[in-house]
Amino acid sequence: MNKILSKKQFSEKVFSFIVEAPLIAKARRAGHFVIIRIDQRGERIPLTIADSDPVKGTITLVCQKIGVTSTRLCEMNEGDSILDIVGPLGKATEIRKFGTVVCAGGGVGVAPMLPIMKAMREAGNKVISILAGRTKELIILEEQVRAASDEVIIMTDDGSYGNKGLITNGIEMVISREHVDMCVTIGPAIMMKFVSLLTKKYDIPTIASLNTIMVDGTGMCGACRVTVDGQTKFVCVDGPEFDAHKVDFDEMLMRLGAYRDLEAEAMNRYLNQK
Amino acid sequence: MTAKERMQIERVKMNELDPEYRSHCIEEVNQGLTEEQARQEAQRCLGCKNPQCVQGCPVNISIPEFIAHIQEGQYLDAAAVLRRTSSLPAVCGRVCPQERQCESKCIHLKTGGKAVAIGYLERFVADYERNNGDGKVQRPSSNGIKIAVVGSGPCGLSFAGDMAKRGYEVSVFEALHEIGGVLKYGIPEFRLPNNIVDHEIGLLRQLGVTFNPDTIIGKTITVDQLKEMGYRAVFVASGAGLPNFMNINGENLIGVMSSNEYLTRVNLMGAARDEMDTPVLKGKRVAVIGGGNTAMDSARTAKRLGAEMVMIVYRRSEEEMPARLEEVKHAKEEGIDFHTLHNPIEYRGDEKGRVNEMLLQVMELGEPDASGRRKPVPVEGKTELVKVDMVIVSVGVSPNPIIPRTVEGLETSKKGTIVVNDDTLQSSIPTLFAGGDIVRGGATVILAMGDGRCAATAMHNAITKGEI
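Residues numbered from 1 in each chain as written. Chains lettered and ligands numbered in written order. Predicted model: local features only at pLDDT ≥ 70, side-chain atom pairs only at ≥ 80, totals over all residues. Heavy atoms only, no water.

## Comments concerning the overall build of chain B
Helices and strands together make up the secondary structure of chain B, namely 19 helices and 17 strands. Relative to the compact-globule value of 23 Å for 468 residues, chain B shows a C-alpha radius of gyration of 23 Å, a close match. Overall, chain B is about 65 × 60 × 50 Å in size when its C-alpha atoms are taken along their principal axes. Taking all 468 residues of chain B together, 59% fall into the buried category. Of the contacts made within chain B by residues no fewer than 6 positions apart, 69% connect residues no fewer than 24 positions apart. Of the accessible surface of chain B, which amounts to about 19100 Å², a share of 47% is contributed by carbon and sulfur atoms. Averaging the coordinates of the 55 positive side-chain charges in chain B and doing the same for the 61 negative ones gives two points 3 Å apart. (Helix = DSSP H or I, 4+ residues; strand = E, 2+ residues; numbered from the N terminus. Rg over C-alpha atoms; globule rule 2.2 N^0.38 Å. Buried < 20%, exposed > 50% of the residue type's maximum accessible area, 1.4 Å probe, protein only. Contact = heavy atoms within 4.5 Å. Areas by Shrake-Rupley, 256 points an atom, 1.4 Å probe, with all protein chains shown as cover. Lys, Arg positive; Asp, Glu negative; His and termini not counted. Charge placed at Lys NZ, Arg CZ, Asp CG, Glu CD.)

Set out below in structure tokens:
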């Protein structure tokens, strides 16, 4: 049992939780994720670790309401307990001095990006963070990102905050004025696809952290498989980070839809019950 | 009773649920023997002086001895004999391929008869003990030595039991939220009910074994940290976690999945039940690729989830199928089609990326290969297109890479299995022993259990001698 010590709302559908998980808090590094099961009925879902406090024995998880389990998690409160948390899973981010690193995060993807920004900066990189969302309300963790970056660029589709435009416009702004050695991108698959296409054009090495469907998270089921450089890889044990230029994002986007109809049905059932 | 009289008794038939009824529910198919049936079947055993069946058993259960107790009606004594060598008799009685082990050596076969139903009798005794025994085991006094076990499948459980009986303080670490490994996530309820596994786990708890779910050794806690925590030695039984795929076109289409994924969703996550959050696809026309027990489990599960057509696609002929005979028989009775000597070479999908067709290559048997089985070879130009909306790939598993990747200095094979001494199961790191599928690369429950026993003895000896 992992007690929720605090809960914060970031936007309409995005919540942040500080949860007791002492062993994971000690073992985790930037890029790692956990699998949680909120209760006996819950699905096993992967969530990236946004932060941890090894002294207090806590980790920070950020979750967006998407399916039934994530919605039910977002409805949990301080004092409630998450039944199972297992991790840290996946390979940690390769952190070293690259030079100038652009961290391009969209929506809830900014949460797992935060520890990577911090670690990249500690390793001596100049970190330029680009946060993107449809509208101002969806830009999360701005303050923490500012503290962890040398520069922050905010992009909104509707121009309600920061610059009007897509994340790729923000990256291009940086590329047009200075040399970029490395790009890290985390966000919706469609966003990472376009970030990857852009940086490929400019020949900038790019890492994408993939958020596929998973069940066990330890390599056992293969639900998370993606094609990277023509080969099938398991995101849970081979990733979650891959060379973005080699990822078959179209296939990944297709596979993310595998349970869409069933999820919609389940969501309706859940809402009707309530 | 004379030997001749014993030999004239017909082999008992297992009581089974009706195929039509059972293929729509998860109730256990085999209902077990009645006491009368068990005693009559036990009379068939000639009590050979040099019993070959014992040699055929990977853990050398004293078979004529336990059967003799059944003849006398002393079922708890029979159970005690089983317990001497097997930590999970109720499981083995259900899932062992007896026709290839103990029963394949039975004297009756030499005279043209049918083997004594050793597996059924084992199950009868284990079930009798579970239902009628006092359910208590004496916890031995502790020797104060802490031992860590990685993985709670049949291998880890068997090791844990043997070490706990010797007085060690055993902690089992499991990655999943349930204890039992493949017995829980893999083998379906209709073949091995979870309460049977839970009963065995309860006995281990009484012996003082502690279980730590949601803990991945190599991730949550490293092997080095276990040492710092005071564990004298580690037994790795982390299994063959990684499902194999065939690397053919269309294998990543929606609706194509590993048997591990399918069975885990249904068995571990209860995905077929409405009240559970985990979804599972319910195909109407389902192909299962492979001929092992897991393939049969997947096919029969698909049938139970409402598939109209379920087809086993296997590249060799039925004779070479690795599945237990009983699983093949049950699958056929439940209406599963067997498409042997066919091999998928491509999957095709609709505009949403959902699989809707598979292209099969017709095969024939050629010369025997390394496994001794005749090698399947493609029949030039002969293919077949089959409409499907779900494909379950069940073509074997590879070792879980987490321990091999995270323990420095651990010798592994090219295939990723942990290299161990054949007799002691000790790895290149003296305090680390390993067994089951992480060493064998994909075997059976009973071989995994045998490894657990063997490693327990060897580790105990090494500790007693002060070597580790």
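Right, picking up where we left off after that structure.
## So, helix α19 (residues 445-464) of chain B
All names here are of chain B. Taking 1.5 Å per residue as the helical rise, α19 with its 20 residues ought to reach 28 Å, and the 29 Å between its terminal C-alpha atoms agrees with that figure. Of all 20 residues in α19, 14 are buried; the element is thus mostly enclosed. In the segment just after α19, G466 is the residue with positive phi, at about 75°. (Expected span 1.5 Å × (residues − 1).)

## Here we look at the sheet that holds strand β15 (residues 390-393) of chain B
Residue and element names in this part refer to chain B. If you walk across this open sheet you meet the five strands as β8-β15-β9-β10-β11, and the pairing is parallel. With partners counted over all chains shown, the strands left at the sheet margins are β8 (256-258) and β11 (337-340), one partner each. Each adjacent strand pair in this sheet contributes to an overall mean axis angle of 20°, direction not counted. Sheet topology note: the strand β10 (residues 309-314)/β11 ladder contains four bridges and is parallel. Among the inter-strand pairings, V313 is bridged to a residue of β11, identified as H339. (Pairing = 2+ DSSP bridges. Axes fitted to C-alpha atoms, helices over the stretch in contact; angles between N-to-C directions.)

## As for the domain arrangement of chain B
All names here are of chain B. Domains assigned within chain B are domain 1 (3-132), domain 2 (146-241 + 399-464) and domain 3 (244-393). Placing the centre of domain 1 and that of domain 3 at their C-alpha centroids yields a distance of 31 Å. On the domain 1 side of the contact with domain 3, R22, S23 and E99 bury the most area, a combined 36% of that side's loss. At the junction of domain 1 with domain 3, the criterion picks out three salt bridges. The partner of E333 in a salt bridge is R22, with the nearest N and O atoms 2.7 Å apart. Along the contact surface separating domain 1 from domain 3 lie 15 residue pairs in polar contact (both at pLDDT 80 or more). Going through the elements one at a time, α2 (19-22) and α7 (89-95) are the ones with two or more residues in the side of domain 1 that touches domain 3. (Domains from an automatic or database assignment. Buried area = accessible area lost by both parts, 1.4 Å probe. Salt bridge = Lys/Arg side-chain N within 4 Å of Asp/Glu carboxyl O. Polar contact = N/O pair within 3.5 Å; in protein donor to acceptor, adjacent residues only side chain to side chain.)

## Some words on the packing of helix α10 (residues 154-165) of chain B against α19(B)
All names here are of chain B. For the pair α10 and α19, interaxial distance at closest approach is 7 Å and the crossing angle is 35°. The crossing of α10 and α19 is right-handed. On α19, the residues that touch P154, C155, S158, F159, D162 and M163 of α10 are V445, A448, M449, D451, G452, R453, A455, A456, M459 and H460. When grouped by side-chain class, the residues that make up the contact of α10 with α19 number 10 nonpolar, three polar and three charged. (Left-handed = near helix turned anticlockwise from the far one by under 90°. Nonpolar A, V, L, I, M, F, W, Y, C, P; charged D, E, K, R; others polar.)

## Focus: the pairing of strand β3 (residues 33-37) of chain A
Residue and element names in this part refer to chain A. Counting buried positions over the five residues of β3 gives five, a clear majority of the element. The alternating pattern of β3 places F33, I35 and R37 and V34 and I36 on opposite faces, both of which are buried. Note that β3 and strand β4 (residues 45-53) share four bridges and pair antiparallel. Paired with V34 across the strands is L47, a residue of β4. Direction of pairing for β3 relative to strand β7 (residues 84-89): antiparallel, over a ladder of four bridges. Bridging across to β7, I35 finds its partner in V86.

## Notes on the interface of chain A and chain B
Note: interface size is frequently given as the accessible area lost on complex formation between the parts. If you look at the interface, chain A gives 46 residues, while chain B gives 41 residues. Of the roughly 3600 Å² buried where chain A meets chain B, counting both sides, 54% is carbon and sulfur surface. Where chain A touches chain B, the interface holds four salt bridges. Close ionic contact of D261(A) with R354(B) constitutes a salt bridge, the shortest N to O distance being 3.9 Å. Joining chain A to chain B, the criterion identifies 21 residue pairs in polar contact (both at pLDDT 80 or more). Taken together, the elements giving at least two residues each to the side of chain A that touches chain B come down to α1 (22-27), α2 (68-74), β7, β14 (225-228), β15 (231-234), α7 (235-238), α8 (249-256) and α9 (260-273) of chain A. If one sorts the elements of the side of chain A that touches chain B by residue count, β7(A) sits on top with six residues.

## Details of the pairing of strand β5 (residues 58-64) of chain A
All names here are of chain A. A large share of β5 lies buried, amounting to six of its seven residues. Sheet topology places strand β2 (residues 14-20) next to β5; seven bridges connect them, and they run antiparallel. By the bridge assignment for β5, F17 is matched with L61. Where β4 and β5 come together, four bridges link them in antiparallel fashion. In the strand pairing of β5, D53 is matched with T58. Where β4 folds back on β5, the antiparallel hairpin that results is connected by four residues, among which G57 adopts a positive phi of roughly 75°.

## Remarks on the pattern of salt bridges
Within this structure, the stated rule accounts for 50 salt bridges over all chains. For R121(A), the salt bridge identified is with D150(A), shortest N-O distance 3.3 Å. With R121(A) in helix α3 (residues 110-122) and D150(A) in the loop between α4 (142-148) and β10 (151-156), this pair connects stretches of sequence that are 29 residues apart. For D150(A), a relative accessible area of 41% corresponds to the partly exposed category. Residue E327(B) pairs with R324(B) through a salt bridge whose shortest N-O separation is 2.5 Å. Here the residues in one salt-bridge network are E16(B), R22(B), R191(B), D297(B), R300(B), R304(B), R324(B), E326(B), E327(B), K329(B), E333(B) and E334(B), joined through shared partners.

## Notes on the environment of R265(B)
Mapped onto the fold, R265(B) is located in helix α14 (residues 259-268). Residues within four places of R265(B) in sequence aside, it is in contact with I213(A), V215(A), A223(A), Y259(A), G270(B), A271(B), T278(B), P279(B) and V280(B). At 3.1 Å, the side chain of R265(B) and the side chain of Y259(A) are in polar contact.

## Points about the state of the cysteines
All names here are of chain A. Counted under the stated rule, the structure contains zero disulfides over all chains. Between C103, a free cysteine, and C183, which holds the nearest cysteine sulfur, the sulfur-to-sulfur gap is 7.7 Å. On the basis of relative accessible area, C103 is assigned to the buried category, the value being 0%. (Disulfide = S-S within 2.5 Å.)

## Quick notes on the nonpolar core
Among the nonpolar cores identified, the biggest contains 96 residues, and I63(B), F66(B) and M459(B) are the most heavily contacted of them. Top contributing element to this core by residue count: α19(B), with 10 residues. In this structure, I63(B) is in contact with C53(B), V54(B), C57(B), C102(B) and I118(B), ignoring residues within four places of it in sequence. Counting residues in each nonpolar core, the second largest holds 58 residues, with V102(A), M214(A), L253(B) and L360(B) among its members. (Core = buried A, V, L, I, M, F, W, Y, C linked by side-chain atoms within 4.5 Å.)

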